[in-house]
Amino acid sequence: MNSAIQCLSNTPPLTEYFLNDKYQEELNFDNPLGMRGEIAKSYAELIKQMWSGKYSYVTPRAFKTQVGRFAPQFSGYQQQDCQELLAFLLDGLHEDLNRIRKKPYIQLKDADGRPDKVVAEEAWENHLKRNDSIIVDIFHGLFKSTLVCPECAKISVTFDPFCYLTLPLPMKKERTLEVYLVRMDPLAKPMQYKVVVPKIGNITDLCTALSALSGVAADKMIVTDIYNHRFHRIFAMDENLSSIMERDDIYVFEIAINRTEDTEQVIIPVCLREKYRHTGYSHHSGSSLFGQPFLIAVPRNNTEDKLYNLLLLRMCRYVKTGTESEDTDGSLHCCKDHGINGNGPNGIHEEGSPSEMETDEQDDESSQDQELPSENENSQSEDSVGGDNDSENGLCTEDTCKGQPLTGHKKRLFTFQFNNLGNTDINYIKDDTRHIRFEDRQSRLDERSFLALDWDPELKKRYFDDNAAEDFEKHESVEYKPPKKPYVKLKDCIELFTTKEKLGAEDPWYCPNCKEHQQATKKLDLWSLPPVLVVHLKRFSYSRYMRDKLDTLVDFPINDLDMSEFLINPNAGPCRYNLIAVSNHYGGMGGGHYTAFAKNKDDGKWYYFDDSSVSTASEDQIVSKAAYVLFYQRQDTISGTGFFPLDRETKQGASAATGIPLESDEDSNENDNDIENENCMHTN
């Protein structure tokens, strides 16, 4: 409120109007659209206090109360949008001071091919028949709106009044994301890429951009978010990119199967756990996650041995399989010598290299941050491969493991458990013959269901290479730095405002020819500009997918803003403006702080208003990323030109040399009980 009032207070023709009591003869108490004159009277009293020269600063408590009565959204002490308050105040003051006591009904007419000059004059005259006040005199202009139907090419031209211009800021339509691509080749290290994606796009756009850099087909990718050694989210292709934050670790897995068409394989999320047993009298066991999770495509019908080898093959880059010790000498050579391919007739190939393996990876859903169940939780949500004895748990002896394919070593490196932590899309069924069947009941994985590989600490220490597991390579795109435009000019924003656009599907136009709502093209043009031009920079962006504040620096002129190039009216007259006030917003979407710069109407100096303090300012300080609402006064209407009737009259006395700061809402709240200082706070 402080910032908005300071800007209005330092609008000379409006302030002089109230200081000279011209408002009293124009108060409209009967306007059903007004506030019975209460807003105008309360604002007048506040302006008189501020410009009386008696106070260091005042608390606008009475005015705030009146505003809260008629606009409850501005009651209380929560921060509100300055531009919304300005819009309410200008509309409220207009209706309270409307010189039209009885508004006639006027039917709007389309141009129907008539000259712009005729249609514009008609529109402005009709506007003045219903709206005539000091606010209209100072702040209202006229723009031309042109709509073209895409079906019948019907052109609709109307001229509409405006009180302020809301200018869009040229937005960056793209953003960069750093992702890791995990290829099907188990020996290939993950590679980091930097991709450029639409700011408002979906996961498909990310895959398309990554495909252009990597050569991997976009439909063979699945995008995941890995956090704390597990899948935090597995994204569907139609999910919005706005759900990916800059700090997220995004891993994209290359796959070889089509889940919707391939009914013989299923994609399984896999996490790695280290099992440990507490010492002392307690025999409880637990686990902790480690390494990178991955996705693997496996045949729906499998055996424990085949599944074990598929998993081992997928990790062959960072699981040691050589002659690490005498106990396991040659135990895992067969995994590198014999590839496991789920597409083969038996799930086993006699020969092949790891790069030929189709142990692919896929993901498609999101998981929640839940603790993984420990081994001692004997719930129905966990199905462990094996029984209670060492042999059944994969810790085979020489006798029990003899004859098992690809597992000739004395001990398996890990056992596995299937965990259902949510709405399971995959059923894990194990029978007594060590056969495993995965049943996919739905098209999407709920990745809270996962396969946990449990490692004995000693075996993990000897065979699992943590450094190799975390290793990755960098693509040249990582070094790419998008060019940053340091600022935009105010004229760029005006040009964007007057650019032709297509109406959205949620905001169609009713075509009188087609008799249907159409997504027409719309173009706005400026026809006439008011003495005081209020420019609202649209820094706050809202959409279905995201909310954002744009901190782009807008370079706006302090003096000599020439609007002639944007006016389509050849007889528009003078159109050069000087800046008189700026409302600033610091902070983000959730909150922030408002201040104001304003040029004093009497001494011509700039001042900075920050709640209950005021200080002189230089023109160099005014242009900043915080600028939110700009007030420009046309040069031919400044004091002394005689443009306004009041300016032509002989002034009865001089105003105080400077306006005074207002106490902020927060200060007002703190001093609610200070009865003695109700209107006048201490002198600085």
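Residues numbered from 1 in each chain as written. Predicted model: local features only at pLDDT ≥ 70, side-chain atom pairs only at ≥ 80, totals over all residues. Heavy atoms only, no water.

J.: Looking at this model, I keep getting lost on the pairing of strand β32 (residues 627–634). Mind explaining?
T.: For a regular strand, side-chain orientation follows a simple rule: the groups alternate between the two sheet faces. Burial runs high along β32: eight of the eight residues are buried. Judged from the seven bridges that link them, strand β28 (residues 576–587) and β32 form a sheet pairing that is antiparallel. If you follow A581 over to β32, its bridge partner there is F631. (Buried < 20%, exposed > 50% of the residue type's maximum accessible area, 1.4 Å probe, protein only. Helix = DSSP H or I, 4+ residues; strand = E, 2+ residues; numbered from the N terminus. Pairing = 2+ DSSP bridges.)

J.: Please explain the sheet that holds strand β19 (residues 501–502) as it appears in this structure.
T.: The strand order β2-β1-β22-β19 describes an open sheet built from four strands, whose pairing is antiparallel. Unpaired on one side and paired on the other, β2 (155–162) and β19 mark the two borders of the sheet. Sheet topology note: the β19/strand β22 (residues 521–528) ladder contains two bridges and is antiparallel. The residue bridging K502 from the neighbouring strand is T521, located in β22. Relative to the sheet, helix α6 (residues 116–130) contacts β1 (141–148), β2 and β22, its axis offset from that of β2 by approximately 40°. (Contact = heavy atoms within 4.5 Å. Axes fitted to C-alpha atoms, helices over the stretch in contact; angles between N-to-C directions.)

J.: I would appreciate a short explanation of helix α8 (residues 203–214) in the present structure.
T.: Because an α-helix packs 3.6 residues into every turn, residues spaced three or four apart end up facing the same way. End to end, α8 covers 16 Å across 12 residues, agreeing with the expected 16 Å (1.5 Å per residue, within 8%). Against β4 (174–182), β5 (191–198), β6 (221–227) and β8 (250–254) lie the buried residues of α8. Of the residues flanking the end of α8, it is G215, one or two places downstream, whose phi is positive at about 85°. (Expected span 1.5 Å × (residues − 1).)

J.: Help me understand the packing of helix α4 (residues 61–70) against helix α5 (residues 82–96), please; the structure alone is not making it clear to me.
T.: To describe two helices that pack against each other, one gives the angle between their axes and the distance between the axes. Two elements in contact, α4 and α5, have axes whose closest approach is 12 Å; the angle formed by their N-to-C orientations is 85°. One finds that α4 runs roughly perpendicular with respect to α5. Listed contacts from α5 to F63, V67 and F70 of α4 are L85, F88 and L89. Taken together, the residues that form the contact of α4 with α5 break down as six nonpolar, no polar and no charged. (Parallel < 35°, antiparallel > 145°, perpendicular 65-115°, else oblique. Nonpolar A, V, L, I, M, F, W, Y, C, P; charged D, E, K, R; others polar.)

J.: What is the right way to look at the pattern of salt bridges in this model?
T.: It is possible for side chains of opposite charge to pair when their charged atoms get near one another. Using the criterion set out here, one finds 22 salt bridges in the structure. Its salt-bridge partner being E16, residue K601 comes within 2.7 Å of it at the nearest N-O pair. Of this pair, K601 sits in the loop between β29 (592–599) and β30 (606–610) while E16 sits in helix α2 (residues 12–19), and the two are 585 residues apart along the sequence. Among the ionic pairs, K48 bridges to D21, the shortest N-O distance being 2.4 Å. In this pair, K48 is assigned in helix α3 (residues 38–50) and D21 in the loop between α2 and α3, connecting sequence segments 27 residues apart. The partly exposed category is assigned to D21, whose relative accessible area is 31%. Shared partners join several salt bridges into a network, and the residues in it are E26, R99, D132 and D137. (Salt bridge = Lys/Arg side-chain N within 4 Å of Asp/Glu carboxyl O.)

Interpretation in functional terms is not warranted from these geometric data alone.
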